[in-house]
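The lines below spell out each chain.
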Amino acid sequence: MVFQKSPVVRSRGFFCFLENRPYLKDMTPPPRHLSPTRQATTPSRRPPLRRRKLRLWMRPYSVPRFWRMIDDGEKRPTLPPPHLFDLWITILASRNIPYLLTGRGNKLRLYVPALLERQARSELEAVLAESRKPRPVYIEPPTHNNAHWVLSVLLLLILWHGVRMHWGFLAHLPGLPDLPSEEWSRLGSLDVFRVKTFGEWYRCVTALTLHADSQHLFGNVLFGAPFLILLCRRVGLGLGLFLILLAGSFGNALNAWYRPAGHISLGFSTALFGTVGVLSGFMALQGWGSRTQSDTGKLSWRRGILLLAAGTGILAMLGTEGDKTDYAAHLFGLLSGFIVGGTAGWISRRTALPSPVINTLLGLSAAGLVVLCWRLAL
């Protein structure tokens, strides 16, 4: 077989390119360098096919094909900061894991071989877990089951009101003077004129044990019992009563300083709003005295502020109603209670809650202070 004038020969699935020779009209199509007239006269068998273009993104800096991009597994809204890659490189280098860092600025990427991808990720995740601060668990302080003792104190307050009002067998008790109820109120009420002029500051304490009538008494008892139980359950009976007495006394002292000379007030409601302030201040500032304020202290602060806001709402709803309501005494009781309770919480954070013996002594001191003030009044 002789190849004479055929430039292309198809042989068993491949092309053999021969030297350029004159073409035969019946065997080969016209070449491209022929004139347009001759190309137009040559009929085309089928239109050319349009091929789809695929966009392929090449890895930067010639990263090997079987390397994988890794990170520490942290879900971030943005890309990791550049200084974090220095830590990752140090970790991988310490574990003898080959790596490749590409990009610059905020477009850095870290690649490792595919066979070492799981090991590299576990190393980075382990370092991230160690660097995270453990979430603190809020531990509730130990509680004191003394609700029955708190109710007993309120019962004593009711019995004292019965002594003043001459209820049955309480009308004539040995050791107490037989005085009418108006005389008891005159001797122990918060008379601003006598406090400022004669210095009778003991009235700030004695006024807390007096009530205008039975409705006033039982309203204060029903309203204050839950808050008294919560406070004494948290800090103890003795310390709770001592803080309540201080808050009520300071509230009456501020009220005497604020009111004009002709003002007279009495009632346990100042101490009740002081109880709300003491409880909120104690919870708020109990975690404030540490060198590094933890999340536990922040949680305690939020609870205290929430309780103070609740007390302010109660003051707005109940503490300003009625013509004979001393709203200033309620407000001063709440503020003084927050200061007293916050101070107690700050001290308990640095030291600890008092022992049962100290708690008992504080309770007896509160009772002794009330008795002493009444001795001065009589």
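What you are looking at is a predicted structure, and each value in this text was computed from that prediction instead of being measured.

So, the overall build of the chain
Here comes step 1: When helices and strands are tallied, the chain shows 13 helices and seven strands.
Here comes step 2: For the chain, with 378 residues in total, the buried portion stands at 38%.
Here comes step 3: Put simply, the chain shows about 25,100 Å² of open surface, and 62% of that area lies on carbon and sulfur atoms.

Notes on the nonpolar core
Here comes step 1: Grouped together as the largest cluster of nonpolar side chains are 42 residues, with contacts concentrated most on Trp160, Leu228, Leu231, Leu243, Ile244, Phe268 and Trp374.
Here comes step 2: Of all elements in the fold, only helix H4 (147-165), helix H8 (214-235), helix H9 (237-258), helix H10 (269-285), helix H12 (327-350) and helix H13 (356-377) reach the threshold of two or more residues within this core.
Here comes step 3: Counting residues per element, this core draws most heavily on H8, which supplies nine residues.
Here comes step 4: Discounting chain neighbours no more than four positions away, the residues touching Trp374 are Trp160, Trp184, Gly188, Thr206, Thr209 and Leu210.
Here comes step 5: With 13 residues, the next largest nonpolar core counts Ile70, Phe85, Ile91 and Leu108 among its residues.

So, the UniProt feature "transmembrane region" (unreviewed entry) in the chain
Here comes step 1: UniProt records the feature "transmembrane region" (unreviewed entry) at residues 239-258, 264-285, 305-321, 327-347 and 359-377, using the numbering of this structure.
Here comes step 2: For residues 327-347, the end-to-end C-alpha separation is 30 Å, with 100% helix and 0% strand making up the annotated structure.
Here comes step 3: Along residues 359-377 the backbone is 100% helical and 0% strand, and the end-to-end C-alpha distance reaches 28 Å.

Quick word on a nonpolar patch on the surface
Here comes step 1: Together, Val357, Ile358, Leu361 and Leu364 give the surface a local cluster of nonpolar side chains, amounting to about 380 Å² of exposed area.
Here comes step 2: Mapping Ile358 onto the fold places it in helix H13.
Here comes step 3: In this structure Ile358 comes out as partly exposed when scored by relative accessible area, which is 40%.

Details of the packing of H4 against helix H5 (residues 181-188)
Here comes step 1: The contact between H4 and H5 brings their axes to 8 Å, and the two run at 120 degrees. The angle between H4 and H5 falls in the class oblique. For the pair formed by H4 and H5, the contact residues are Trp160, Arg164 and Met165 on the first element and Ser181, Trp184 and Ser185 on the second.
Here comes step 2: Taken together, the residues of the contact of H4 with H5 break down into three nonpolar, two polar and one charged.

A short note on unusual backbone geometry
Here comes step 1: Positive phi outside glycine occurs at Asn96, with the angle close to 60 degrees.
Here comes step 2: Structurally, Asn96 can be placed in the loop between helix H2 (82-94) and strand S4 (100-102).
Here comes step 3: Not every positive phi belongs to a glycine, and His166 is a case in point at roughly 60 degrees.
Here comes step 4: Considering the arrangement of structural elements, one finds His166 in the loop between H4 and H5.
Here comes step 5: Its relative accessible area of 30% is what places His166 among the partly exposed residues.

Structural notes on the layout of surface pockets
Here comes step 1: Space inside the largest pocket adds up to approximately 1,200 Å³.
Here comes step 2: Along the wall of the largest pocket there are 42 residues; nearest its centre are Val153, Leu156, Ala366, Ala367 and Val370.
Here comes step 3: Elements with a contribution of two residues or more to the lining of the largest pocket: H4, H9 and H13.
Here comes step 4: Per-element tally for the lining of the largest pocket: the top contributor is H13, with 11 residues.
Here comes step 5: Residue composition of the lining of the largest pocket, by class: 31 nonpolar, 10 polar and one charged.

Conventions used here
Residues numbered from 1 in each chain as written. Predicted model: local features only at pLDDT ≥ 70, side-chain atom pairs only at ≥ 80, totals over all residues. Heavy atoms only, no water. Helix = DSSP H or I, 4+ residues; strand = E, 2+ residues; numbered from the N terminus. Buried < 20%, exposed > 50% of the residue type's maximum accessible area, 1.4 Å probe, protein only. Areas by Shrake-Rupley, 256 points an atom, 1.4 Å probe, with all protein chains shown as cover. Core = buried A, V, L, I, M, F, W, Y, C linked by side-chain atoms within 4.5 Å. Contact = heavy atoms within 4.5 Å. UniProt positions renumbered as here; feature names shortened; annotations may be inferred. Patch = residues over 30% accessible without salt bridge, like charges linked within 9 Å, V, L, I, M, F, W, Y side chains within 5 Å. Salt bridge = Lys/Arg side-chain N within 4 Å of Asp/Glu carboxyl O. Axes fitted to C-alpha atoms, helices over the stretch in contact; angles between N-to-C directions. Parallel < 35°, antiparallel > 145°, perpendicular 65-115°, else oblique. Nonpolar A, V, L, I, M, F, W, Y, C, P; charged D, E, K, R; others polar. 1 Å grid on protein atoms, 1.4 Å probe; cavity = no way out; pocket = protein on both sides within 12 Å on 5 of 7 lines; lining within 4 Å. Points joined across faces, edges and corners; volume = space filled by probe spheres on them.

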